[in-house]
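Tertiary structure, described
Each chain, written out:
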Amino acid sequence: MNIGEKIKKLRLEKFMTQAELAGGQITRNMLSLIEKGKASPSLQTLMYLADKLNVSVGYLLAGDEETAFFGKAESISEIRLAYSKQNYRICLDLCRRLARTVGDDDELNLLMAECYLEVAKESFFEDRLRVACELLDEAVKYAERSAYRTEHIRAEAELYFDYLESLSPSFVSEYIDTSFAYGCFLPVTDAFCRYLLALKALEAGETRGVELYLERAEDKAHPLVKHISALVCMQKGEYELAANHLSDVLRSDALVAGTVLYYVFGNLEDCCRKLENQKNATAYAEARAAQFERLLS
């Protein structure tokens, strides 16, 4: 792509007319000739056009192989800012735009994998579970295309998929076989993943893992911590205390994933039946069924 073609492409991307870009610096006819490759701009004109198009002179002068480098250098600071502000959807959109220019790039693939993972989590907590599954797969796909270490991305995606598949076999991954989950890397930074690992430890009878989760929890009143505490009480046959913990989850002002509420309703139903409170048991069973329908819609 020559200088004129680049100028025309950038002008059209910014929805500018030739007259708007030419301004008072050059004539529209001269700009037309430059864009067609029939005239070469002077350095002064080149600097003017680069400023109007918000690119560097180097970008306009670069050959095809160098264009990608300049494009990435000019966009990456904006991408990093969005990522640092945890604006993952914006960051992902910026990455996708840049990828159309620079093609396959290790750093971009890593950033896109990270962003897809975070946006998937946002969708999960919005109870848009099918969308979350699609985004988790995208995270894994881009992670595999990057030369950087991305085990944490795949591991977290495995944990979420394993959890979702236990809710319904319709939540499946195209890239992950969850029967191999937790094999090589266990994430420790994501709060919900730590909760999921505590659930797995509880199911496997690994009491020390559950004890460590409860001991290390910074907020003992957090709904996820309360749920694990309730499940421990249920295993001990302490159903009244378990029911109190579960009720605390329902009363919490903190954001609680719809999937967690589904299991809490089921746990409360079990507790009420053990405590011979059939009326409440029936009410929680109905709430659980309604929650299930909502999650799968």
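1. As for the overall build of the protein
Across its full length, the protein holds 16 helices and 0 strands. Relative to the compact-globule value of 19 Å for 297 residues, the protein shows a C-alpha radius of gyration of 27 Å, a clear excess of over 25%. C-alpha extents for the protein along the principal axes are approximately 90 × 35 × 35 Å. Expressed as a percentage of the 297 residues in the protein, the buried residues total 45%. Sequence-distant contacts in the protein: of pairs separated by 6 or more residues, those separated by 24 or more amount to 56%.

2. Structural notes on the nonpolar core
Judged by nonpolar contacts, the single largest core of 73 residues is most densely connected at Ile79, Phe124, Phe192, Tyr195, Ile228 and Val260. At 11 residues, the largest contribution of residues to this core is made by helix H8 (residues 106-125). Not counting residues within four places of it along the chain, the set of residues in contact with Tyr195 comprises Tyr213, Leu224, His227, Ile228 and Val260. In terms of nonpolar packing, the next biggest core, distinct from the first, is built from 17 residues, Met16, Leu21, Ala22 and Leu53 among them.

3. Digging into the environment of Tyr239
In this fold, Tyr239 is placed in helix H14 (residues 239-251). As for Tyr239 and Leu31, which are separated by 208 residues in sequence, their C-alpha atoms are 80 Å apart. Apart from residues lying up to four places away in sequence, Tyr239 is in contact with Met234, Cys271, Lys274 and Leu275.

4. Some words on the confidence of the model for the protein
For the protein, per-residue confidence averages 90 on the pLDDT scale, and residues scoring 70 or more make up 92% of the total. Ranking the elements of the protein by mean pLDDT puts helix H6 (residues 64-84) last, at 74, and helix H15 (residues 258-274) first, at 98.

5. Considering unusual backbone geometry
Of note, Phe15 is a non-glycine position whose phi angle comes to about 55 degrees, a positive value. Judged by its relative accessible area of 74%, Phe15 is exposed. The phi dihedral of Glu276 falls on the positive side, at around 60 degrees, and the residue is not glycine. Within the element layout of this structure, Glu276 appears in the loop between H15 and helix H16 (278-296).

6. Brief notes about the packing of helix H11 (residues 191-204) against helix H12 (residues 207-216)
In the contact formed by H11 and H12, the axes pass within 8 Å of each other and the chain directions differ by 150 degrees. The orientation of H11 relative to H12 falls into the category roughly antiparallel. Along this stretch, H11 crosses H12, giving a crossing that reads as left-handed. Facing Arg194, Tyr195, Ala198, Ala201 and Leu202 of H11, the residues of H12 in contact are Gly209, Val210 and Tyr213. For the contact of H11 with H12, the residue count by class is 6 nonpolar, 1 polar and 1 charged.

Conventions and cut-offs
Sequence order sets the numbering: in each chain, residues are counted from 1 along the sequence as written. It should be noted that, the model being predicted, local features are given only for residues of pLDDT at least 70 and side-chain atom pairs only at 80 or more, the latter also being counted only at that level, while totals for whole chains, interfaces and linings use all residues. The side-chain numbers reported here are obtained from all heavy atoms of the structure, hydrogens and water having been left aside. Put simply, DSSP marks the helices as runs of H or I at least four residues long and the strands as runs of E at least two long, and each gets a number from the N terminus on. In this treatment the radius of gyration is a C-alpha quantity, and the globule benchmark scales as 2.2 Å times the residue count to the 0.38 power. Categorising residues by exposure relies on relative accessible area from a 1.4 Å probe, with only protein chains included: less than 20% of the type maximum marks a residue as buried, more than 50% marks it as exposed, and the intermediate range marks it as partly exposed. Residue contacts are defined here by distance: any two heavy atoms, one from each residue, within 4.5 Å place the two residues in contact. Take the buried Ala, Val, Leu, Ile, Met, Phe, Trp, Tyr and Cys residues and link them wherever side-chain atoms come within 4.5 Å; each set so joined is a nonpolar core. pLDDT: the predictor's confidence for each residue, scored from 0 to 100. Helix axes use the C-alpha atoms of the stretch in contact, all axes being lines fitted to C-alpha atoms, and the angles between their N-to-C directions lie in the range 0 to 180 degrees. Small angles under 35 degrees read as roughly parallel and large ones over 145 as roughly antiparallel, with 65 to 115 read as roughly perpendicular and the rest as oblique. Helix crossings get a hand from a simple test, with the near helix turned counterclockwise from the far one by less than a right angle marking a left-handed crossing and a clockwise turn marking a right-handed one. The classification used treats Ala, Val, Leu, Ile, Met, Phe, Trp, Tyr, Cys and Pro as nonpolar, Asp, Glu, Lys and Arg as charged, and all other residues, Gly among them, as polar.

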